[in-house]
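Coordinate inspection notes
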Amino acid sequence: MLAPLALTLTGQALILFAGQTVPGVLVVLSGLALLTWELARKDSTLPERGPALSRNRAAIYLLGILVVAFLFRRFEIQSIPWGLNNDEGIEGLIACRFLAGERITPFSSIGVSRETLYHLLLMPLFRFGGPGIASLRMLSFLCGMAAVVLVYLLGKELFSKRAGLFAAFLLAVSPWHVLYSRTGLRNILLPVLLLGSLWAFTRALRVRRPSWFVLTGFLLAAGMYSYTSFRVIPPALLLWALVRRRFLGAAPITWKEAGLACGTFLALMVPQILVMLSDPAGFLARGGYVLTQTPDASISENVLFSLVMPVYYPARFGVMQSRWFFGDGVSLVYAAVGRTPESLVSAALMALGVVLAIARFVRKRAEAEGLVLFLVGLTVVTVGLAGPSLTRLIGNLPLLCLLAGCFLEEVRRRLGERFPGWMGVSVSAALLAGAAGMGFEQYFLRAGSSPKSMFYFAAPQTIMGLYASSRVPDHPVTVLYTEEPETLQFLTFARRGLVALQSDPQKMDWNAVRGATGRQEFVLENHRRFLPVFSELAKEFPWADATMLRDAQHNPEQPVAYILDVDPLKREKGASDTEAPGASSTP
């Protein structure tokens with residue numbers, strides 16, 4: 001298997017580093033074709049996996065992987081991402097509104113009817129640590145760590161401990177997963193609940209205990225409250241239950257077992273069912289509204305690039321929104337610097353893992369490989385209709401890591417049969433180290449240092465919002481901004497009675513400004529739109545204190561905003577000092 005691996009890695013390098021897309025794709029395809037030929041030979045029997053790891057050794061390895069995952073998700077968390085994305089602001093704002101007394105519903109009243117499980121989980125974090133960036137992203141960090149553990153448990157259940165450990169490591173260092181584990185978006189819940197649902201489902205089929213079927217129904221229902229893309233999973237598992245009995249000859253699920261899972265699921269789905277009954281068109285359109293926003297989209301291209309996105313991701317999808325693709329400010333991070341969402345090594349292993357899984361399913365009717373392939377394929381042809389969005393398709397990532405882990409395990413086992421044992425260990429370790437190093441470089445050194453990648457993380461608005469919320473609550477603060485309103489609303493929510501947000505200078509109430517008797521403060525974004533406002537304020541209050549806000553970490557030379565502190569007490573104090581007998585001044 002070394003020849004297909006070498007060819008695939010070479011082709012991926014041509015695509016990512018040399019800019020040779022067509023030759024690179026051809027070399028990748030030749031590597032996949034060579035692997036297919038090797039697996040199709042009569043003397044290739046696809047033997048059973050090697051000896052299992054001991055429980056203690058697997059636990060030690062998993063602990064080490066979790067340390068790596070922790071470092072990737074917390075390293076320089078104060079500086080990367082550069083600021084708070086507006087979608088993050090919406091997520092935090094929804095939780096804040098719930099805390100402030102708004103009625104909790106299955107879908108939010110802002111942000112295009114978002115599922116609200118993420119926001120319910122945010123509420124205790126906000127109560128404990130206060131609403132803010134740290135509390136918001138802490139939930140995503142915890143979800144990211146949980147997904148690493150769950151992909152190991154699922155890998156162990158479906159394949160082997162070693163395949164599960166390989167998959168857990170690849171997910172721990174995945175640039176795709178690291179991006180969302182450090183960003184406060186609700187889609188990070190999807191991998192957790194997907195992996196948990198599949199783990200409970202496969203274990204229920206193996207041990208046949210009622211509690212596991214109940215847990216399956218519970219996790220599937222929870223997933224429906226996490227992110228819209230999860231809607232594919234419950235019908236997919238129902239369909240798979242029929243497929244495995246009819247075409248794989250597996251033991252059927254009894255009516256009692258089906259009733260336990262479905263009954264639990266439906267009971268917890270009552271709030272969403274009521275919403276669907278009151279507005280069926282709106283409920284169903286929630287998952288497909290993106291398609292209505294992209295009249296020039298090519299459905300076939302969307303599906304194709306959703307399938308191959310770890311290996312090849314066209315730069316034209318690195319946009320926020322266009323007539324052919326509806327993205328977001330997080331999904332475009334890697335495309336903005338000419339990269340795919342995965343590192344060179346991980347992408348190659350995923351592609352080879354898919355081929356290996358297809359071969360095992362076709363030749364041996366391997367149920368585990370068939371289930372993973374079925375879920376990946378169904379997600380691509382449904383969610384992928386709207387294009388290769390990293391945000392919407394994040395559920396496929398841990399499944400692809402599982403297939404990559406299976407391929408890596410097969411490489412290690414076959415090398416161990418032909419060469420000394422250290423050879424397979426060394427090759428596996430080198431590939432994993434390469435995945436970690438390239439994943440670190442891709443997120444921290446390339447995307448994390450690129451103004452183009454970090455543009456939609458709204459560093460200026462984040463700095464202004466943090467400044468406004470930190471002011472002493474004894475005077476009003478007016479913030480004049482250009483964009484990202486939800487970011488500012490979230491950051492200043494605790495001071496919303498004193499902080500006014502204004503994007504239109506024409507709506508300034510100058511009579512109120514001039515007639516104010518107490519202290520007032522103005523934060524004006526460094527933009528030409530607000531130059532007349534600043535000039536008018538300086539003319540009206542020539543004695544006011546003027547300072548600047550700067551981004552000390554990323555762009556210290558360019559002012560982010562100008563601050564004008566209008567305090568009548570300082571004017572009176574200055575006047576009295578000037579009139580005091582014996583007073584002197586130095587020009």
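Up top is the structure these notes are about.
Notes on the structure follow.

Cut-offs applied
Position numbers for residues count from 1 along each chain, tracking the sequence in the order it is written. Note on the predicted model: pLDDT of at least 70 is required for a residue's local features to be given, and 80 or more for side-chain atom pairs to be given and counted; whole-chain, interface and lining totals, by contrast, use all residues. The side-chain figures draw on all heavy atoms in the structure; neither hydrogens nor water molecules are used. Aromatic pairing here means that ring centres of Phe, Tyr or Trp (its six-membered ring) are within 6.5 Å. Orientation follows from the plane angle: under 30 degrees is stacked, over 60 is edge-to-face, and everything else is tilted. Geometrically, a lysine NZ or arginine CZ counts as sitting over a ring once it is within 6 Å of the ring centre and also within 35 degrees of the ring normal. Starting at the N terminus, helices and strands are each numbered in turn, a helix being any DSSP run of H or I of at least four residues and a strand any DSSP run of E of at least two. The span expected for a helix works out to 1.5 Å for each residue beyond the first. For each residue, the accessible area found with a 1.4 Å probe, counting protein chains only, is set against the maximum for its type, and the residue is called buried under 20%, exposed over 50%, and partly exposed in between. Within this analysis, patches are made of residues with over 30% relative accessible area and no salt bridge. Like charges are joined at 9 Å or less; nonpolar side chains (Val, Leu, Ile, Met, Phe, Trp, Tyr) at 5 Å or less. Shrake-Rupley sampling with a 1.4 Å probe provides the accessible areas, and residues are treated as covered by the protein chains on show and by no other component. Salt-bridge detection follows one rule: a side-chain nitrogen of Lys or Arg within 4 Å of a carboxyl oxygen of Asp or Glu. By definition, two strands form a pair when at least two bridges between them are found by DSSP. The convention used is that axes are lines fitted to C-alpha atoms, helices contributing only their stretch in contact, and that angles between N-to-C directions extend from 0 to 180 degrees. Contact between two residues is taken to exist if any of their heavy atoms lie within 4.5 Å; hydrogens are not considered. Roughly parallel here means an angle under 35 degrees, roughly antiparallel means over 145, roughly perpendicular means 65 to 115, and every remaining angle is called oblique. Any residue that is not Ala, Val, Leu, Ile, Met, Phe, Trp, Tyr, Cys, Pro, Asp, Glu, Lys or Arg is counted as polar, Gly included; the first ten are nonpolar and the last four charged. As used in this record, nonpolar core signifies buried Ala, Val, Leu, Ile, Met, Phe, Trp, Tyr and Cys residues forming a set joined through side-chain atoms within 4.5 Å. To be clear, the arc concerns the directions from the helix axis to the C-beta atoms.

Throughout the structure, instances matching the rule amount to 18 aromatic pairs. Here the aromatic cluster, defined as three or more aromatic residues joined through ring pairs, consists of F72, F75, F440, Y443 and F444. The side chain of R231 reaches across the aromatic face of F283, ending 4.2 Å from its centre. The ring of F493 carries R496 above its face, with NZ or CZ at 4.1 Å from the centroid.

What follows deals with helix α19 (residues 396-418). When the terminal C-alpha atoms of α19 are compared, their 34 Å separation across 23 residues agrees well with the 33 Å that a helix rising 1.5 Å per residue should span. Of all 23 residues in α19, 19 are buried, a share of seventy percent or more.

To continue, consider a nonpolar patch on the surface. On the surface, a cluster of nonpolar side chains totalling about 390 Å² of accessible area is made up of L63, V67, F70 and L71. Take L71: it is sitting in helix α3 (residues 55-74).

Taken in spatial order, the five strands make up an open sheet running β2-β1-β3-β5-β4, and their pairing is mixed. Of all strands in the sheet, those bounded by a partner on one side alone are β2 (499-502) and β4 (545-551). When the angles between neighbouring strand axes are averaged without regard to direction, this sheet yields 25°. One ladder, built from six bridges, connects strand β3 (residues 520-525) with strand β5 (residues 555-566); its direction is antiparallel. Counted as the bridge partner of Q520 is V566 from β5. Against the sheet, helix α21 (residues 459-470) contacts β1 (477-480), β2, β3, β4 and β5, and its axis sits at roughly 130° relative to β4.

Between α3 and helix α7 (residues 161-172), the least distance of the axes is 9 Å, while the angle of their chain directions is 10°. Between α3 and α7, the crossing angle belongs to the class labelled roughly parallel. Between α3 and α7, the contacting residues are R55, A58, Y61, L62, I65, V68, A69, F72 and R73 on the first element and K161, L165, A168, F169, L171 and A172 on the second. For the contact of α3 with α7, the per-class residue count stands at 12 nonpolar, no polar and three charged.

Our focus in this paragraph is the pattern of salt bridges. Note that side chains of opposite charge can pair when their charged atoms are close. A full pass over the atoms with the stated rule returns 23 salt bridges. A salt bridge links E367 to R244; the nearest nitrogen and oxygen atoms lie 2.6 Å apart. Here E367 is found in helix α18 (residues 367-382), whereas its partner R244 is found in helix α11 (residues 233-246), with 123 residues between them in sequence. For E536, the salt bridge goes to R514, with nearest N and O atoms at 3.2 Å.

Before going further, it helps to examine the nonpolar core. Membership of the largest hydrophobic core comes to 140 residues, with the highest contact counts inside it found for Y180, L349 and F407. It is helix α6 (residues 133-158) that provides the largest number of residues to this core, a total of 13 residues. With near-sequence residues (within four places) excluded, Y180 lies in contact with S140, L185, N187, I188, V330, S331, L390, T391 and I394. If you look at the next biggest cluster of nonpolar residues, it comprises 14 residues, including L488, V523, V560 and A561.

Next up on the list: the pairing of β3. Of all six residues in β3, six are buried, a share of seventy percent or more. The side-chain alternation of β3 yields two buried faces, one formed by Q520, F522 and L524 and the other by E521, V523 and E525. Two strands pair when backbone bridges link them, and β1 and β3 are joined in this way by four bridges, in the parallel orientation. Bridging from a neighbouring strand, T478 pairs with F522 of β3.

The residue E417 is located in helix α19 in this model. The exposed category is assigned to E417, whose relative accessible area is 57%. Between the C-alpha atoms of E417 and V499, which are 82 residues apart in sequence, the distance is 69 Å.

Turning our attention to helix α1 (residues 2-16). Along its 15 residues, α1 runs 21 Å from first to last C-alpha, staying within 8% of the 21 Å computed at 1.5 Å per residue. Three or more residues of α1 are buried, namely P4, L5, T8, L9, G11, Q12, I15 and L16. One side of α1 holds all its buried residues, which, seen down the axis, span an arc of 165°. Considering only its buried residues, α1 is in contact with α2 (21-40), α17 (344-364), α19 and α20 (421-446).

The next subject is the environment of P310. Structurally, the position occupied by P310 is in the loop between α16 (299-308) and α17. Residue P310 is classed as buried on the basis of its relative accessible area, which comes to 4%. Separated by 140 residues in the primary sequence, P310 and L170 place their C-alpha atoms 13 Å from one another. In this view, P310 contacts Q12, T340, P341, E342, A347, M350 and L400; residues no more than four positions away in its chain are not counted.

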